[in-house]
Amino acid sequence: MRYQEPMLKEGALRDKTIVVTGGGTGLGRSMTRYFLELGANVVITSRKFNILEQTANELVAETGGKVLPVACDVRHYEEVKHMQALALETFGAVHAVVNNAAGNFISPTERLSHRAFDTIVDIVLRGSYNCTLAFGKDWIEKKQAGTFLNISVSYAWTGSGFTVPSACAKAGVLALTRSLAAEWGRYGIRSNAIAPGPFPTEGAWSRLFPEEALPKSLVEKFKPRKRHPPGAGGRASGTGQPGRVPGF
Ligand code: HXC
Ligand code: NAP
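Note that the structure is predicted; figures quoted are calculated from it, not measured.

Rules behind the numbers
Residues numbered from 1 in each chain as written. Chains lettered and ligands numbered in written order. Predicted model: local features only at pLDDT ≥ 70, side-chain atom pairs only at ≥ 80, totals over all residues. Heavy atoms only, no water. Helix = DSSP H or I, 4+ residues; strand = E, 2+ residues; numbered from the N terminus. Expected span 1.5 Å × (residues − 1). Buried < 20%, exposed > 50% of the residue type's maximum accessible area, 1.4 Å probe, protein only. Arc of directions from axis to C-beta. Contact = heavy atoms within 4.5 Å. Near = heavy atom within 4 Å. Polar contact = N/O pair within 3.5 Å; in protein donor to acceptor, adjacent residues only side chain to side chain. Areas by Shrake-Rupley, 256 points an atom, 1.4 Å probe, with all protein chains shown as cover. Nonpolar A, V, L, I, M, F, W, Y, C, P; charged D, E, K, R; others polar. Pairing = 2+ DSSP bridges. Right-handed = clockwise from strand over helix to strand, strands pointing away. Phe/Tyr/Trp six-rings, centres within 6.5 Å; stacked < 30°, edge-to-face > 60°. Axes fitted to C-alpha atoms, helices over the stretch in contact; angles between N-to-C directions.

**Some details on helix α2 (residues 49-63)**
Thinking step 1. In this model, α2 (15 residues) spans 21 Å end to end at C-alpha, consistent with the 21 Å of a helix rising 1.5 Å per residue.
Thinking step 2. Of all the positions in α2, only Leu-52, Thr-55, Ala-56 and Leu-59 are classed as buried. In an axial view of α2, the angular spread of the buried residues amounts to 105°, which keeps them on one side of the axis. Relative to its buried face, α2 has exposed residues pointing more than 90 degrees away, namely Asn-50, Asn-57 and Ala-61.
Thinking step 3. In this structure, the buried residues of α2 make contact with α1 (26-37), β2 (41-46) and β3 (67-71).
Thinking step 4. Where α2 terminates, the next one or two residues include Gly-64, which has phi positive at roughly 75°.

**Considerations on the site of ligand 2**
Thinking step 1. In the region of ligand 2, 27 residues are neighbours, and Thr-25, Ser-46, Asn-100, Phe-199 and Thr-201 sit closest.
Thinking step 2. Take Asp-73: an N or O atom from its side chain is 2.8 Å from a nitrogen atom of ligand 2.
Thinking step 3. Relative to its unbound accessible area of 860 Å², ligand 2 is 91% covered by the protein chains.
Thinking step 4. Those elements that place two or more of their residues in the shell around ligand 2 are α1 and α6 (202-208).
Thinking step 5. Looking at the shell around ligand 2, the element that brings in the most residues is α6, giving three residues.
Thinking step 6. Split into classes, the residues belonging to the shell around ligand 2 amount to 13 nonpolar, nine polar and five charged.

**Brief notes about the pairing of strand β5 (residues 146-151)**
A regular strand places its side chains on the two faces of the sheet in alternate fashion.
Thinking step 1. In this structure, strand β4 (residues 96-99) lies alongside β5, joined through four bridges in parallel fashion. From the neighbouring strand, Val-97 faces β5, where its bridge partner is Phe-148.
Thinking step 2. With respect to chirality, the unit in which β4 leads through helix α4 (residues 114-141) into the neighbouring parallel β5 is right-handed.
Thinking step 3. Bridge analysis of β5 against strand β6 (residues 189-194) gives six bridges, and the strand direction is parallel. The residue bridging Thr-147 from the neighbouring strand is Arg-190, located in β6.
Thinking step 4. Handedness of the crossover joining β5 and β6 through helix α5 (residues 164-183) is recorded here as right-handed.

**Examining the packing of aromatic side chains**
Thinking step 1. One pass over the full model with this rule turns up four aromatic pairs.
Thinking step 2. On the numbers, 6.2 Å between centres and 50° between planes, the contact of Phe-135 with Trp-139 is tilted. One end of the pair, Phe-135, and the other, Trp-139, are both in helix α4, four residues apart, so they sit about a helical turn from each other. For the residue pair Phe-135 and Trp-139, the accessibility class agrees, reading buried in each case.
Thinking step 3. An aromatic cluster is present here, built from Phe-135, Trp-139, Phe-148 and Trp-184 joined pairwise through their rings.

**Observations regarding the site of ligand 1**
Thinking step 1. Of all residues adjacent to ligand 1, which total 18 residues, the nearest are Arg-47, Asn-104, Ser-113, Arg-115 and Arg-207.
Thinking step 2. Between Asn-104 and ligand 1, the recorded distance is 2.9 Å, taken from a backbone N or O atom to an oxygen atom.
Thinking step 3. One of the side-chain N or O atoms of Ser-113 is found 2.6 Å from an oxygen atom in ligand 1.
Thinking step 4. When isolated, ligand 1 has an accessible area of 1100 Å², and the protein chains bury 62% of it.
Thinking step 5. For the shell around ligand 1, the secondary structure elements donating two or more residues are α4 and α6.
Thinking step 6. Split into classes, the residues belonging to the shell around ligand 1 amount to nine nonpolar, five polar and four charged.

**A look at the sheet that holds β2**
Thinking step 1. Read across the sheet, six strands follow the order β3-β2-β1-β4-β5-β6 without closing on themselves; strand pairing throughout is parallel. Here the strands that pair on one side only, and so sit at the sheet edges, are β3 and β6. Ignoring strand direction, the axes of neighbouring strands in this sheet form an average angle of 15°.
Thinking step 2. Judged from the three bridges that link them, strand β1 (residues 17-21) and β4 form a sheet pairing that is parallel. Across the sheet, the residue bridging to Val-19 is Val-97, located in β4.
Thinking step 3. Relative to the sheet, helix α3 (residues 77-91) contacts β1, β2 and β3, its axis offset from that of β3 by approximately 160°.

**Notes on the environment of Asn-192**
Thinking step 1. Mapped onto the secondary structure, Asn-192 falls in strand β6.
Thinking step 2. Judged by relative accessible area, which is 35%, Asn-192 ranks as partly exposed.
Thinking step 3. Expressed as a C-alpha distance, the spacing of Asn-192 and Gln-54, which sit 138 residues apart in the sequence, is 29 Å.
Thinking step 4. Beyond its immediate stretch of four places on either side in the chain, Asn-192 contacts Phe-148, Leu-149, Asn-150 and Thr-177.

This is the structure:
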């Protein structure tokens, strides 16, 4: 069965504004598209403004919604505050933040420099708590309800050899989510996480399954689809990527 129907009713997010970090590509772009279809305004942020701008133009043309692209490196709190100020100036309020921005690569851990480890933990964990602090403090001060949706990963529970910085950082994101669900629930702030399994996005696949890193005889064996009992995997809608991503 291929699920095609939207889960939420038309207009379910009308008059809401949602910030999606890493919203220019992959799953962030797919979520943005669906939020727009449901009537939300969306602020998409990442480091590369040209990609954000192109995504914004395409999604506005496809859905008729409003998208504000803002360059923001989530590792730096002052950039997050600047992005927040632009979002508030443009839309008046922000109702939800999707902490989706991430970095990852595959490597034996003993070959990583400490800077390589920092890079992943800074994007994933520091980036998530930077956005959480900026928006959470604002919501609490204004006595406004809000929602965090943090994107974790299924290996946050189990660990994952060869992607250890990501596993550590995503486990931290899970702890952040659970802690604040309890601590900030009283302010009407919801904290949730979703933990996807493999989706063949360009960003993930080019870094996690580089075919050139495997001997030719093993490329077929290690295809993610071969390791999934029904032979399926996630599909990021509206990205045009399924079928074009090598290895899946
Ligand atoms: C080892 C590496 C490396 C690699 C970079 N480094 N790539 N080390 N193996 N493949 C090291 C560098 O040598 C450097 O350390 C340090 O990391 C910082 O590298 P930069 O290139 O300067 O970092 P930056 O420009 O900030 O780029 C960040 C990045 C890049 C993470 C390295 O890949 C990126 O921009 N990624 C964003 C998108 C992404 O990763 N998407 C995938 C998400 S998938 P030194 O010591 O040399 O200074 C995901 C879950 C998938 O998260 C789960 C599937 C089941
Ligand atoms: P992706 O397309 O590479 O998305 C990652 C995004 O993060 C990019 O748009 C990137 O944009 C942005 N980003 C990276 N560093 C940043 C920084 N310092 N500041 C701001 N933005 C930054 O990969 P994806 O597969 O869609 O992943 C999206 C989310 O899903 C991630 O949290 C990932 O961990 C999670 N996930 C993915 C899978 C999968 O199989 N694909 C599985 C489980 C979980 P810039 O380069 O422009 O900054």
